[in-house]
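Given next are the chains, with one letter for each unit.
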Amino acid sequence: MSDTTHHDDHHDHEHHGNFWTNYIFSTDHKVIAKQFLFTAIFWAMIGVGMSVIFRLQLGFPDADLSFLKPILGKWIDATGKLDKEFYLALVTMHGTIMVFFVLTAGLSGTFSNYLIPLQIGAVDMASGFMNMLSYWFFAAAGVIMFYSLFIETGPASGGWVIYPPLSALPQAMPGSGLGMTLWLSSMALFIISTLLGGINYISTVINMRTRGMSFNRLPLTIWAFFITAVIGLLSFPVLFSAALLLIFDRSFGTSFFLSDIYIGGEALPNQGGSAILFQHLFWFLGHPEVYIVLLPALGISSEVIATNSRKPIFGYHAMILSIIGIAVLSFIVWAHHMFVTGMDPFLGTIFMFLTLIIAVPSAVKAFNYITTLWKGNLVFTPAMLFSIGLISLFIVGGLTGIHLASAAIDIQLHDTYFVVAHFHLVMGSASFFGMLAGIYHWFPKMFGRMMDAKMGYFHFWTTFIGVYAIFFPMHFIGVAGFPRRYYSHTAFEPFGLFTDLNMFISTAAILTFFAQFVFVFNFVYSMFKGRLAPANPWKSNTLEWTTPRFPGHGNWVGAIPQVFRWPYDYSKPGAKDDFIPQHIPYSETPESNLPFEQKLAEFEKQEQQEGIRIQKESQITTDNNENV
Amino acid sequence: MNGLLIAAVGVLFLVLMALIYRVFMLVRVAKDTKEPNAKDSRVGMSNKVNSILFIVFFFVLFASIFAYGFSEKVKYILPESSSIHGIEIDFLFWLTTAVTFFVFIITHILLFFFPYVYRYKEHKRATFIPHNNQLEIAWTIVPAIVLTALVVTGWTVWSDITDPAPEDALHIEVMGHQFAWKVRYGGKDGKIGKFNYMKIDPTNQVGMDFEADESNYDDFMYNELRLPKGRPVLLKIRSRDVLHSVFLPHFRVKMDAVPGMPTQFWFTPTKTAEDVKKELREINDPNAEAFQYKLACTEICGGSHFAMFMNVSVLEADEFQKWYDSEEAWAAKNVDYLKEKKIKNIPSNLASN
Ligand code: HEM
Ligand SMILES: [Cu+2]
Ligand SMILES: [Cu+2]
């Protein structure tokens, strides 16, 4: 009893708390989700902005970049050229920020937090406090990373994969000094944040589903978030250990990754370490990370596409199975990033086979999306457009994955722009589109107002064209053999002939970047001035649309709705409307029930009798508690 | 000229965007959008516009991408591989590209035409199709078979490439360091002497360990990677500081250089640069005359990673042999150094100089 009292004190406190407890150190999952979202948008502007700067360098190598001096300071030299080491720092920071801060924290942090309780029918996360810590660890990680941009020696610059020895030896490049230390500290905090979040998502999904919300009635969004959290929980600790070993090598003279090195005119004492070991550890996280980024996006688009096709998602169970299949397989394909590191060719063979197996569930997902559109009644909301765009990008990027998974072909393509094109389409852009789809779709729930659709269309078409214009030509440059992470392509004759295409890509990148401001404007404007959202603007089946326009702490006023059916009863034959939300019992829809559902309806009636009794009892206890 | 072109494309892009926006605005004016909730019409005119735009997108963007790709293919597609295994890699690449292109076209026709065909109509209902087992089994099994076929062909090539090098292969050591390459040949005995990173200094840059291995004495170094035409070559690759990667794009060769873990890659060069130039002239490549083999670094290794190149050349077998035999050993050129280092086993013919 004392336990419940305590809980309710806390509850009250939240309701009438001050600004700090309501908006800053809040434990409410909806507020935390928004904190993640705002932070991710902030980082996205920085991360994409960085890519624009280094695209300027690549597309216009002779241009005078002095106008960037106010931002970049000494990294622009007297002749207006970007410093070549800082170029690498930008690339590294861009990769790190986009992958971890924007698409990991921004996607899972925002949407798992926001949607899990709302879609499974829970008052909040399993542990609101841990959830708050999760955000604040992320924020702290961000502060450190941000700070590292301004230090004398520059931020980490060995690539987002931070392979040692480059990242271990400050002699090797300035960014491997303090910048790298800060990178590692920041990522350590980030990993803690991800783990705190992940544990919460998992336990919430397992333990806090409302009555009737069995696993085979979960919306695919929740399935995706759930599996993503599991992947994160299993893989991030490995990155943590890799980072820890690297810290030891850097600061305490150990030799986990270092051996036989002569640098800066001196032979280092380290012997017996393996630089390749680090890559195994890194990619054991790194590959699953691709799916950590992608699965939530696919989950979001599943929901958006089903809703706006007015049609059940095609192959619900196949979708779940492929999510699980992808999750399991994602742990045993990591060495496809390492075909040319000199590892045993037989190992290469094994990883080639395993990698191509993972293409099968991915293909199944793509086909299921397309078939969901088939014979649908499609409503093109901005979210729907971005979801369709996502499928296109996912397919195009996924297909070039088949090239790269074949070890022999990868000999030629590894670490060229072909890879840059591949992963930007399949993971970067596809996930980014998923995130935008999610924002457009759930904005009305988050802020109680509608975003402007016309601006959304404009945003989608510019971004969609832009993304293809930026990343597709990179395949060509990659086929021509141009290596990635090159500051300049003019230094080298066989690779020096693509100036015009690089210029085109850079121009497209700049325009696409500016188009994003339309979104930012729409977002901010609609938050305050948007049309008030109806309760269920997209006529969707899931539970979040049964909450009030501005759901308070606890999400539902009164009892949490019970769930009777799967979330995809769209356009059911015989039904009055073209959607039947999850909380509508079969007993209320005799006209559209399938034979086995008719039986369930009978069953429901008995259950409901009991349910009412239980509800009454719990109502009494809550009332009592409110009065304490 | 190019700048103009880019500017034109940029302007075109902006105009296109403005146009799209304008269309939407006009539509909005013409048919004031109701709340999506409103009973009578759930969607406005923009639903149709969006669905048509997918088709436009399909034709305009993809067609221009592929048109550009085809018209400029000479520029982007490397000359036919100058190594035996490279031909097979290229075959695999184009085979995979053909298969994936087919899948791309099929899926994108469906994906970009369905929006128009099945766009929202007020009095229509979507068809309730939760799943279809036959279809789902079919599209699980068909990709599985196609992928298996691709993997198995890929695997045969991979295992050929990674088979041990033939006995008669010429051994060449390639060592990467910030930011250059060092190339060492085995000299008369063809054997590359042992090294020890502790022996590295500004003179002995690759750390030849003369005391541990006498076969170092006839090794010579050269400032270019010279390869014999038609003879298998085994590159023994290492690094002395950070990771690098040996990339010979025209030979379809890539292998990382790892400090503390020597790696290797063998292949057979089949064409001299002159041979390639001749081929390029035949297809009217405007850059044929500038053709030059290069070795590039493809693993980020620091600030000048982008400039870490070495020239590569392929010589006819006899020419190569003549050059090889005429090169003076590194030790012979650096006797003073050896003496200064108090190396004990200096051969008498050198020591007497
Ligand atoms: C307008 C948008 C973007 C542009 C123009 C862009 C451009 C680029 C380019 C050109 C590179 C390669 C640089 C090089 O290798 O020399 C790069 C690297 C990278 N990008 Fe992006 N990118 C964009 C968005 C994204 C997004 C959304 C992601 C999210 C996954 C992302 C993730 C990465 C990663 C992981 C790298 C590798 C960094 C490294 O090599 O360490 N980028 N980007
Ligand atoms: Cu991977
Ligand atoms: Cu390099």
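Residues numbered from 1 in each chain as written. Chains lettered and ligands numbered in written order. Predicted model: local features only at pLDDT ≥ 70, side-chain atom pairs only at ≥ 80, totals over all residues. Heavy atoms only, no water.

A separate point is the overall build of chain B. Each helix and strand counted, chain B has ten helices and ten strands in total. Counting over 353 residues, chain B shows a buried share of 50%. A separation threshold of at least 6 residues defines the contact pool for chain B, and within that pool the share at least 24 residues apart is 69%. (Helix = DSSP H or I, 4+ residues; strand = E, 2+ residues; numbered from the N terminus. Buried < 20%, exposed > 50% of the residue type's maximum accessible area, 1.4 Å probe, protein only. Contact = heavy atoms within 4.5 Å.)

Residue and element names in this part refer to chain A. Close contacts around ligand 1 come from 25 residues, with His-94, Trp-160, His-424, Arg-484 and Arg-485 the closest. At 2.7 Å, a backbone N or O of Trp-160 approaches an oxygen atom of ligand 1. His-424 has a polar side-chain atom sitting 2.7 Å from a nitrogen atom of ligand 1. At the level of secondary structure, the elements contributing two or more residues to the shell around ligand 1 comprise helix H3 (29-59), helix H5 (84-120), helix H14 (417-447) and helix H15 (453-479). (Near = heavy atom within 4 Å. Polar contact = N/O pair within 3.5 Å; in protein donor to acceptor, adjacent residues only side chain to side chain.)

So, on to the sheet that holds strand S8 (residues 263-267) of chain B. Residues and elements named next belong to chain B. One open sheet accounts for five strands, arranged S3-S2-S1-S5-S8; its pairing is mixed. Either end of the sheet is taken by a strand with one partner, and the two such strands are strand S3 (220-222) and S8. Across this sheet, the average inter-strand angle for adjacent strands is 25°, counted without regard to direction. Sheet analysis places strand S5 (residues 233-239) next to S8, joined by five bridges and oriented antiparallel. Each residue of the ladder has a partner; that of Lys-236, found in S8, is Gln-264. (Pairing = 2+ DSSP bridges. Axes fitted to C-alpha atoms, helices over the stretch in contact; angles between N-to-C directions.)

A word on the domain arrangement of chain B. All names here are of chain B. You can read the domains of chain B as domain 1 (45-119 + 133-163) and domain 2 (170-351). The C-alpha centroid of domain 2 is placed 39 Å from the C-alpha centroid of domain 1. Taken together, the 15 residues of domain 1 in the interface contact 19 residues of domain 2. Here domain 1 packs against domain 2, burying approximately 1300 Å² in sum over the two surfaces, 55% of which is carbon and sulfur. We note a salt bridge from Glu-80 to Lys-271, for which the minimum N-O separation is 3.1 Å. (Domains from an automatic or database assignment. Buried area = accessible area lost by both parts, 1.4 Å probe. Salt bridge = Lys/Arg side-chain N within 4 Å of Asp/Glu carboxyl O.)

Between chain A and chain B, the residue contacts involve 135 residues of the former and 120 residues of the latter. There are one salt bridge connecting chain A and chain B. Residues Asp500(A) and Lys75(B) are paired through a salt bridge, measuring 3.1 Å at the closest nitrogen-oxygen approach. By residue number, the principal contributor to the side of chain A that touches chain B is helix H11 (residues 345-373) of chain A, which donates 15 residues. Residues of the side of chain A that touches chain B, tallied by class, amount to 85 nonpolar, 29 polar and 21 charged. (Nonpolar A, V, L, I, M, F, W, Y, C, P; charged D, E, K, R; others polar.)

Quick look at the coordination of the iron atom of ligand 1 now. Residue and element names in this part refer to chain A. Taken together, the protein ligands of the iron atom of ligand 1 are His-94 (NE2) and His-424 (NE2), with distances of 2.0 Å. In this structure, the iron atom of ligand 1 is coordinated by six donor atoms arranged in octahedral fashion, with angles at the metal of 86 to 179°. On the criterion of sequence distance, the pair formed by His-94 in helix H5 and His-424 in helix H14 is long-range, its members being 330 residues apart. This pair shows no difference in class: His-94 is buried, exactly as His-424 is. (Donors = N, O, S within 2.8 Å, 3.2 Å for Na, K, Ca; no water. Tetrahedral: all angles 85-135°; square planar, octahedral: opposite > 155°, others 65-115°.)

Bringing helix H12 (residues 382-405) of chain A into the picture now. Counted at 1.5 Å a residue, the expected span for H12(A) with its 24 residues is 34 Å, and the 34 Å between its end C-alpha atoms agrees. For H12(A), the tally of buried residues reaches 23 of 24 residues, placing the bulk of the element in the interior. (Expected span 1.5 Å × (residues − 1).)

Looking now at the coordination of the copper ion (ligand 2). All names here are of chain A. Those donors, His-287 (ND1), His-336 (NE2) and His-337 (NE2), are the protein atoms that reach the copper ion (ligand 2), and they lie 1.6 to 2.0 Å from it. Written as a sequence motif, the donor residues of the copper ion (ligand 2) are H-x48-H-H. Side by side, His-336 and His-337 carry an identical accessibility label, which is buried.

To continue, consider the environment of Leu347(A). Mapping Leu347(A) onto the fold places it in helix H11. By relative accessible area, Leu347(A) is classed as partly exposed at 33%.

Turning to the confidence of the model for chain B, a few remarks are in order. Any residue range with low pLDDT should be treated as having predicted coordinates unsuitable for detailed reading. Residue and element names in this part refer to chain B. On average, residues of chain B score 87 in pLDDT, and 88% of them are at 70 or above. Across residues 32-40, where pLDDT falls below 50, the model places 17 contacts with residues more than four positions away in sequence or in other chains. Scoring of the predicted complex yields 0.90 for pTM and 0.89 for ipTM. (pLDDT = per-residue confidence, 0-100.)

So, on to the packing of helix H10 (residues 316-329) of chain A against H11(A). Residue and element names in this part refer to chain A. Running from N to C, H10 and H11 cross one another at 150°; their axes reach a closest spacing of 9 Å. Relative to H11, the element H10 is oriented roughly antiparallel. Read as a crossing pair, H10 and H11 show a hand that is left-handed. The residues of H11 that touch H10, namely those facing Ala-318, Met-319, Ser-322, Ile-323, Ile-326 and Leu-329, are Ile-357, Ile-358, Pro-361, Ser-362, Val-364, Lys-365, Asn-368 and Tyr-369. (Parallel < 35°, antiparallel > 145°, perpendicular 65-115°, else oblique. Left-handed = near helix turned anticlockwise from the far one by under 90°.)

We now examine the pairing of strand S1 (residues 170-177) of chain B. Residue and element names in this part refer to chain B. For S1, the buried fraction is high: seven of the eight residues fall into the buried class. Two elements, S1 and S5, share seven bridges in a ladder whose sense is parallel. By the bridge assignment for S5, His-171 is matched with Leu-234. Pairing of S1 with strand S2 (residues 180-185) involves six bridges; the strand directions are antiparallel. The residue of S2 that forms the bridge with Gly-176 is Trp-181.

Time to look at the domain arrangement of chain A. All names here are of chain A. When cut into domains, chain A gives domain 1 (20-255 + 273-529) and domain 2 (565-627). On a C-alpha basis, the centres of domain 1 and domain 2 stand 39 Å from each other. Contacts between the two partners involve 15 residues from domain 1 and, on the opposite side, eleven residues from domain 2. On inspection of domain 1 and its partner domain 2, the count reaches one salt bridge. Between Arg-310 and Asp-578 there is a salt bridge, and its shortest N-O distance comes to 3.0 Å. Linking domain 1 to domain 2 there are six residue pairs in polar contact (both at pLDDT 80 or more). Sort the elements by how many residues they give to the side of domain 1 that touches domain 2 and helix H9 (residues 275-309) lands first, with three residues. Split by residue class, the side of domain 1 that touches domain 2 holds eight nonpolar, two polar and five charged.

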